[in-house]
Amino acid sequence: MRYVVSGYLLLLMLISGCASTPEQTAAVTAPLYFPPPPEQPRFVFERTVQASGSIQQPDREARMRRMLTGESESGKALAKPFDVAACQGQVFVSDTVQRSVMTFDVPGQRFYEIGTEEPGVLRKPLGLDTDADCNLYVADGTTRKIMIYDQSGRFLKGVGGQEWFERLSHVAVDTEGRRIFAVDTGGVSSTAHRVRVFDVQSGEHLYDIGTRGEQPGQFNLPRDIEVGPDGMLYIVDGGNFRVQVLNQDGSFIREIGGLGRMYGQFARPKGVGIGQDGNIYISDAAHGNFQIFDPDGQLLLFVGERSEKFDRAVYMLPAGIDVDEDGRVYMVDQYFRKLDVYRPAQLGETEGFLGAWKLP
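The rules we used
- Residues numbered from 1 in each chain as written.
- Predicted model: local features only at pLDDT ≥ 70, side-chain atom pairs only at ≥ 80, totals over all residues.
- Heavy atoms only, no water.
- Helix = DSSP H or I, 4+ residues; strand = E, 2+ residues; numbered from the N terminus.
- Buried < 20%, exposed > 50% of the residue type's maximum accessible area, 1.4 Å probe, protein only.
- Contact = heavy atoms within 4.5 Å.
- Pairing = 2+ DSSP bridges.
- Axes fitted to C-alpha atoms, helices over the stretch in contact; angles between N-to-C directions.
- Disulfide = S-S within 2.5 Å.
- 1 Å grid on protein atoms, 1.4 Å probe; cavity = no way out; pocket = protein on both sides within 12 Å on 5 of 7 lines; lining within 4 Å.
- Points joined across faces, edges and corners; volume = space filled by probe spheres on them.
- Nonpolar A, V, L, I, M, F, W, Y, C, P; charged D, E, K, R; others polar.

Asks: Any chance you could explain the overall build of the protein here in plain terms?
Replies: Along the backbone of the protein there are three helices and 27 strands. Per-residue burial over the protein gives 51% buried out of 360 residues. A separation of at least 24 residues holds for 47% of the contacts in the protein among residues at least 6 apart in sequence.

Structure follows, in C-alpha cells:
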C-alpha cells in the first residue's frame, strides 16, 4: 500500500511538472473601462462567474484527482440564471434549471446552494432580494410563494401561495424586513398586473398596488421591483417600456424611459437595481446592456453591448441586476449562462466586500 501511494504522488508530481501554471497560460487582458478612454472612467469590468469553481477552492484530494483524470475545475455551473442579489459579500443567483439559489460567499470563500432540501425546497426560483440582515427572499414561480431564508440558507417561512398570484415573478422587501412587495406579472388575457404587499412577520396580505393599463400607476406585464434608499418603489413596467417610481402606498411619482432604441429608452426592460446614491440601473434584453440613470431619471451611462460571441460585457439575454453596498454592479445573462461583475473605478479590486474574491 505504501508503494501505491508513493507511485500516485510521483505521477502527480510528474504531471504537475509538465503542466503550465495559470500565470504562464493566462492571456494578459487590458482593463475594460466604462466609459472608455479618454473619458473619465466610472466602472471597470471585474470578472465573469459561470460556476462554483470561481470561488470554491479545491482541497488536496480534488486537486490530485483533477490532475490525474482531467476532471473539470468549473464545478457546478449556472444553467439558466434569472436574478441576482448581493449583500455583504454574499452573492445569490437564482437558477430555474438547477432549481436553487446558487450562493457565492466571498468573505468565506465558499459555495453552497439554497432551496435544495426540505423544508424550503424551491421549484422555480425567480426574483431575489435581501433585507438589511442579508435574509434572502425568493419568488418561487411554481409554488407562488415568497420563500424566506436567513443568510446561511436556513429556511424561515413562506408567504403567499397559489391563491394569491397568477404569475409571481419578482420580490422586494423594505430595508427593515417588514413589508414584502411581490410582482404579479399576469398575462396577455389577465387583468392581474399588479404588486401585492404582505406583512413579513404575519404573512398577512395588506393591499395591492396597480391595475392593468397604460396610465401612471398602472402596469402592463410588470417584471422587476426594488425598494430604493429613498423608500420609493422602482418597478419595471415591461409592456409599457418604462420604469415607474411610486410611493409605498402606490401613489405615482415619476417614470423613466419609454419605447425606443435610443439611449435612455427601452425595448425589452427586464431588471432594476438601485445604488446607495440613488442611481438607477436597468437591464434591457433587446439592447444587450444596462443603462444608468440619476435619481431624477437622467441618463448617465450605458454599459455593455449585444453580441452572440461570448466576451466581457457582452450580452444576448441579460436579466436580473443588482448593486451592492460598495457600488459593484452584478448582472446575469441567460444566453451565456453567466454573471458579470463591475467595480466602481475609484474602488480598488481588493477593497469592499468582494475584495477577498480570489479566482482559482
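Asks: Would you take a moment to explain the pairing of strand β9 (residues 145–149) for this structure?
Replies: The side chains of a regular strand alternate, residue by residue, between the two faces of the sheet. With four of its five residues buried, β9 lies for the most part within the structure. Sheet topology places strand β8 (residues 136–140) next to β9; five bridges connect them, and they run antiparallel. Opposite Y137, over in β9, you have I148 as the bridge partner. Taken together, β8 and the strand that follows it, β9, pair antiparallel across an intervening segment of four residues, in which R144 is found at a positive phi of about 60 degrees.

Asks: Please explain the sheet that holds strand β12 (residues 179–184) as it appears in this structure.
Replies: Paired through their backbone hydrogen bonds, the strands of a sheet run either parallel or antiparallel. Taking strand neighbours across the sheet as the criterion, the four strands line up as β11-β12-β13-β14 in an open arrangement whose pairing is antiparallel. Because the sheet does not close on itself, it has two edges, and the strands there are β11 (168–173) and β14 (205–209). Neighbouring strand axes in the sheet, compared pairwise and without regard to direction, differ in orientation by 25 degrees on average. Where strand β13 (residues 194–199) meets β14, four bridges bridge the pair, whose relative direction is antiparallel. Bridge assignment links V197 to a residue of β14, and that residue is Y207.

Asks: Please clarify how the state of the cysteines should be interpreted in this entry.
Replies: A covalent bond bridging the sulfur atoms of two cysteines is what the word disulfide describes. With the rule as written, the count across this model stands at one disulfide. Here C87 engages in a disulfide with C134; their sulfurs sit 2.1 Å apart. Between C87 and C134, the S-S dihedral sits near -75 degrees, and the bridge is therefore left-handed. Linking C87 in strand β3 (residues 81–87) with C134 in the loop between β7 (125–130) and β8, this pair joins segments that are 47 residues apart in sequence. Taken individually, C87 and C134 each receive the classification buried, so the pair is uniform in this respect.

Asks: I keep staring at empty space enclosed by the protein and nothing clicks. Help me out?
Replies: Per the counting criterion, the structure on display carries one cavity of 30 Å³ or more. Space inside the largest cavity adds up to approximately 50 Å³. In this structure, the largest cavity is lined by F82, H170, D224, K270, G271, A319 and G320. At the level of elements, β19 (269–274) and β25 (318–323) are the ones that each hand at least two residues to the lining of the largest cavity. Considering only residue class, the lining of the largest cavity consists of two nonpolar, three polar and two charged.

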